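# Descriptive analysis of the structure
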Amino acid sequence: MTQISSDSVYKQAIEKALPSVALRWSEFRGQHRIDVPAANIATALTALKEAGMDQLCDLTAVDLLEYPGATDRFEVVYLLLNTSNSDRLTVRTYLNEPNLQIPSAHPIWIAADWLEREVYDMYGIVFTGHPNFKRLLLPDAFESFPLRKDYPVKGRGERHNFPIITRAES
Amino acid sequence: MPLELMDSPNADPNQREGLWTLNFGPQHPATHTTLRLVLQLDGEMVMDAEPDIGFLHSGFEKLAEVLDYNQYVTIVDRMNYISPMANEIAWHHAVEGLLGIELTPRCKYIRTIFAELMRIHDHLLCTGTCVLDLGGATAFMYAFNEREKIYEICERASGQRFHTGYTRVGGLLYDVTDDWIAMVKDFCKTFPKAYRDFAGLVMKNRIFVERTRGVGVLTKEDAIGGGATGPVARASGVERDLRRDEPYLAYDDLDFDVCCATGGDCYARFQVRMMEMLESLKIIEQAIDKLPSGPVFVSGTGKEGLPDKSEVYRSIEGLIHHFENIMPNRQMPSPKESYYGATESPNGELGYYIVSDGDFKAYRARTRPPSLLHFSLFSRMIRGCMLSDVAAVLGSINIIAAELDR
Amino acid sequence: MSTAASRHDLSRFGSEVMRFTPRQCDLMIVAGRVVMKMIPVLQRIWMQMPEPKWCISMGACACSGGVFDTYAVVQGIDRFIPVDVYVPGCPPRPEQLIRAIMDLQDKIKKTGTYNAREFQLRILPDGPKRFDEDELIRIRERNGLKLEEHKYDPIH
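Report follows, based on the coordinates. What you see as residue numbers is a count from 1 along each chain, following the sequence as written. Chain letters start at A and ligand numbers start at 1, both assigned in the order the entries are written. Restriction of local features to residues with pLDDT of at least 70 applies here, the model being predicted, together with a cutoff of 80 or more for giving and counting side-chain atom pairs; totals for whole chains, interfaces and linings are based on all residues.

On to the overall build of chain A. Within chain A, the secondary structure is distributed over three helices and seven strands. Helical segments are the DSSP runs of H or I of at least four residues, strand segments are the runs of E of at least two, and each set is numbered from the N terminus. Each helix and strand of chain A, placed in order from N terminus to C terminus, yields the pattern α-β-β-α-β-β-β-β-α-β. Taken along the three principal axes of its C-alpha coordinates, chain A extends 75 × 35 × 30 Å. Between the buried cut of 20 or more and the exposed cut of 12 or fewer other C-beta atoms within 10 Å of a residue's own C-beta lies the partly exposed class, and all C-beta atoms are placed from the backbone. Residues counted as buried form 39% of the 170 residues belonging to chain A.

Below you can see the structure in the form of structure tokens.
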């Protein structure tokens, strides 16, 4: 993981794109993170793509309901990668109920297509501007968002809600 | 109807009425486990393919919030079940990165050997079933015979053929014995002949080449933008290999080449996998010669690794050490941070993004599945190909439903 | 897959033909975990198979849910499909699957298949009775055993 110093390309690109917004940079074991407010996320990601981050490695979300010391409910995480020199950057943004909408990153990287559908499936975060927005992994009729912390591991009975076939009927 | 006509911005929607919908259902031999494709066909040509996945979604990420780092390795095993130890190595690579644990040299070399054995294992299955789907059953049998030998090697080290649950935080479950080393050396001697038999049946086989050349092309821009990694990306010209670019385990000391191709079609992906098998064999030969002696578990300053079982049963210090590491309230705390650790698994870049809240279990452990990103590119690869090419393309991108759905 | 491949060859036992269309099959082997999205598909495949037919539930996850006691995995397919032979293990060894097929062959010899009318007598589902975890907790409390507070609520 390369050091992102204060004059690095990515810092400059972000500061040029969002001059008046206060951003928090942090670092842990060589991995750099930046926290961006949800309203500015589209500009930030476009600026980073133009600065060289050409691959969206992963897009995920975390439910901070039971996290000690959290101020927001959901954290959406973008893991970016520059394929030519292996620079990695983590971009985090925060969302709160009831407004769980965020612009889609599909116009920037096509990999965001299914990754965003999965985040919607598991957490209920809506990505606006997505070409084909519906559930990915769970059946369409499923009503809850399982990876939220208030949903129990064993579910609420959806897994056994099916008709039984016995030998006589088959 | 030609593809260009359909794609043009003023395409007449009535022309779509000539298309025929075919459901390539969740239960089908060519789909390699449960995935579903809804194909729009114009005669034999595939115009559009919409995948429908989730038929094996088991809630792995929800389980990560309940099980601790050492227990979750059994679940992670069951993700890419074609190369199980690769997942374990990736998981513990991420966990040890989060906890800041540095492994002993012997552990690094053993894990490297297993990672490369699993690469051969996965590529043998992928290429074998790709050929089987196109009709060649003999090559499939040859590939599977070699896989049996790798199963035996895993069994000798850990006790199970696959779903081994072999790695632990800071080390491995058991150390390897001398007859394991002899088995690996024996494998290195017999594999090249089996490879030549297998490759000789397939690589220059006219039917195979004509069915896979030019089929399912993935361009370099689509590969990078779509998040493709591993053999799928390397076959499209993206020269990236995590073993070389961000070295981990013992790859710094070993000498190997990164295999790339420029076609981006099924045949290129097949070629990359075949070449990677030979490179992996080279790595295994070097690593098994250089295997250092020493402990397999980190002892270090804190009591991070698990002690040897003979110590646990025979001395009180070993028992207390074991107790401190296993009992839920007494394990070592982890920093309250998030960390992303990735390795080059046979399918691509398999990474885990772990968010920790101080406990010895993950608050959130996200798997970055290479199969999901490759399958989302499938609809781009299949446009304009024939119906019978669907099997070839699906086989070449190596989708494993358990990793896709988690 | 290894069972059908070269070392443990399933065709030695008469099971050479693995056809993937249910209309031509006698035996359905459910291998691996079955999730709630897949159960209607599985039931439809079972209904598409003509009589006489049998089912083998292979692996711990198909028999009982296995390690995956989560919202998505069905805890045993015998809750929804009639099963004849169970193969435990995670994963089951190829030898276990061969043994399961041999056991099924013995079972067929004993119970017969001529007209399948003997199946019509078995109208109750074969699987386990729905286990009510609430009931277990009530029984324990009645007997004076106190359970600890679990970190997550198992009753849901």
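Let us look at the overall build of chain B. Counting secondary structure elements, chain B contains 18 helices and eight strands. As defined in this context, the radius of gyration uses C-alpha atoms, and a globule is described by 2.2 Å times the residue total to the power 0.38. What you see for chain B is a C-alpha radius of gyration of 23 Å, in line with the 22 Å of a compact globule of 406 residues. For chain B, the C-alpha atoms occupy an extent of roughly 80 × 45 × 35 Å along the three principal directions. Here chain B, with 406 residues, has 56% of them falling under the buried criterion. By the criterion used throughout, residues are in contact when their C-beta atoms, derived from the backbone, lie within 7 Å. Sequence-distant contacts in chain B: of pairs separated by 6 or more residues, those separated by 24 or more amount to 68%.

Our next topic: the environment of Lys185 of chain B. By secondary structure assignment, the location of Lys185 of chain B is in helix H7 (residues 178-202). The sequence separation of Lys185 of chain B and Ile284 of chain B amounts to 99 residues, and the corresponding C-alpha distance is 8.8 Å.

What follows concerns unusual backbone geometry. Residue Pro98 of chain A is bonded to the preceding Glu97 of chain A through a cis peptide linkage, with omega at 0°. Residues Cys90 of chain C and Pro91 of chain C are joined by a peptide bond in cis, for which omega reads 0°. Its identity as a non-glycine residue notwithstanding, Ser86 of chain A has a phi of 60°, on the positive side. Position of Ser86 of chain A relative to the elements: it lies in the loop between strand S4 (74-82) and strand S5 (87-95). The backbone of His163 of chain B shows a phi angle near 55°, a positive value even though the residue is not glycine. Its place among the elements puts His163 of chain B in the loop between helix H6 (137-158) and strand S4 (167-168).

Attention shifts here to the packing of helix H5 (residues 105-133) of chain B against H6 of chain B. When two helices pack together, their arrangement is given by the angle between their axes and by how far apart the axes lie. All names here are of chain B. Running from amino to carboxyl end, H5 crosses H6 at an angle of 160°, the nearest separation of the two axes being 8 Å. Overall, the two elements H5 and H6 adopt an arrangement that is roughly antiparallel. For the pair H5 and H6, the sense of crossing is left-handed. When H5 is examined against H6, the residues Leu117, Ile120, His121, Leu124, Leu125, Thr127, Gly128, Thr129, Val131 and Leu132 are found in contact with a partner set consisting of Ala137, Ala139, Phe140, Ala143, Phe144, Glu146, Arg147, Ile150 and Ile153. Residues are grouped as follows: nonpolar covers Ala, Val, Leu, Ile, Met, Phe, Trp, Tyr, Cys and Pro; charged covers Asp, Glu, Lys and Arg; every other residue, Gly included, is treated as polar. Split into classes, the residues belonging to the contact of H5 with H6 amount to 13 nonpolar, four polar and two charged. For helices, the fitted line uses only the C-alpha atoms of the stretch in contact; every axis is such a line through C-alpha atoms, and the angle between N-to-C directions lies from 0 to 180 degrees. Angles are sorted into four bins: roughly parallel if under 35 degrees, roughly antiparallel if over 145, roughly perpendicular if 65 to 115, and oblique for all others. Crossing handedness follows the turn of the near helix against the far one: under a right angle anticlockwise gives a left-handed crossing, and clockwise gives a right-handed one.

At the interface, 32 residues of chain B touch 28 residues of chain A. Counting residues per element, the ones that place at least two in the side of chain B that touches chain A are helix H2 (60-63), helix H9 (220-225), strand S6 (338-345), strand S7 (348-356), strand S8 (362-368) and helix H15 (370-376) of chain B. The biggest single contributor to the side of chain B that touches chain A is S8 of chain B, with four residues. Residue classes in the side of chain B that touches chain A are distributed as 11 nonpolar, 10 polar and 11 charged.

Now for the sheet that holds strand S1 (residues 20-24) of chain B. All names here are of chain B. Note on pairing: DSSP must find at least two bridges between two strands before they are called paired. Reading across the sheet, the three strands line up as S1-S2-S3 and stay open at both edges, with antiparallel pairing between neighbours. The sheet terminates laterally at S1 and strand S3 (45-52), the two strands that pair on one side only. When the angles between neighbouring strand axes are averaged without regard to direction, this sheet yields 25°. Inspection of the sheet shows S1 paired to strand S2 (residues 36-42) by five bridges, in the antiparallel sense. Bridged to Thr21 within S2 is Gln40.

What follows covers the sheet that holds S4 of chain A. Residues and elements named next belong to chain A. With mixed pairing, five strands are arranged side by side in an open sheet as S1-S2-S5-S4-S3. Only two strands of the sheet have a single neighbouring strand rather than two, namely strand S1 (24-28) and strand S3 (55-63). Pairs of neighbouring strands in the sheet enclose a mean axial angle of 20°, with direction left out of account. The pairing of S4 with S5 spans nine bridges and is classified as antiparallel. Along S5, the bridge assignment pairs Glu75 with Tyr94. Relative to S3, helix H3 (residues 112-123) is tilted by about 5°, and along the sheet it contacts S3 and S4.

Attention shifts here to the pairing of strand S1 (residues 27-31) of chain C. All names here are of chain C. Strand direction decides the pairing type here: S1 and strand S2 (residues 54-58), joined by five bridges, are parallel. Bridging across to S2, Ile29 finds its partner in Ile56. Each parallel crossover has a hand, and the one from S1 via helix H1 (residues 39-48) to S2 is right-handed. With its strands directed away from the observer, a crossover is right-handed exactly when the path from the first strand over the helix to the second travels clockwise.

Here we come to the nonpolar core. Any set of buried Ala, Val, Leu, Ile, Met, Phe, Trp, Tyr and Cys residues joined through C-beta atoms within 7 Å is what this text calls a nonpolar core. By size, the foremost hydrophobic cluster in this structure holds 200 residues, and its most contacted members are Leu80 of chain A together with Ile354 and Val393 of chain B. Apart from the residues lying within four places of it in its own chain, the contact partners of Val393 of chain B are Val215, Gly216, Cys266, Phe378, Met381, Ile382 and Cys385 of chain B.

Residue and element names in this part refer to chain B. At a closest axis distance of 10 Å, the pairing of H7 and helix H12 (residues 266-289) adopts a crossing angle of 160°. Taken together, the axes of H7 and H12 lie roughly antiparallel to each other. For the pair H7 and H12, the crossing hand works out as left-handed. Facing Ile181, Val184, Lys185, Cys188, Phe191, Tyr195 and Ala199 of H7, the residues of H12 in contact are Met274, Met277, Leu278, Leu281, Ile284, Glu285 and Ile288. Broken down by class, the residue content of the contact of H7 with H12 amounts to 12 nonpolar, no polar and two charged.

Right, let's talk about the pairing of strand S2 (residues 31-35) of chain A for a bit. Looking along a regular strand, one sees side chains alternate from face to face of the sheet. All names here are of chain A. The alternating pattern of S2 places His32 and Ile34 on a buried face, while none of Gln31, Arg33 and Asp35, on the opposite face, is buried. Note that S1 and S2 share five bridges and pair antiparallel. Residue pairing in the sheet places Arg24 in a bridge with Asp35 of S2. Linkage of S1 to S2, two consecutive antiparallel strands, is achieved through a turn of two residues, within which Arg29 is found at a positive phi near 50°. The pairing of S2 with S5 spans three bridges and is parallel. Each bridged residue has a counterpart across the sheet, and for Ile34 the counterpart in S5 is Val91.

This part takes up the environment of Ala250 of chain B. All names here are of chain B. Here Ala250 lies in the loop between helix H11 (242-245) and H12. C-beta crowding within 10 Å serves as the criterion here: with 25 such atoms nearby, Ala250 is assigned to the buried category. When the C-alpha positions of Ala250 and Ala287 are compared, they lie 8.3 Å apart, and in sequence the two are 37 residues distant. Excluding residues that lie within four positions of it along the chain, Ala250 makes contacts with Lys108, Tyr109, Thr112 and Ala287.

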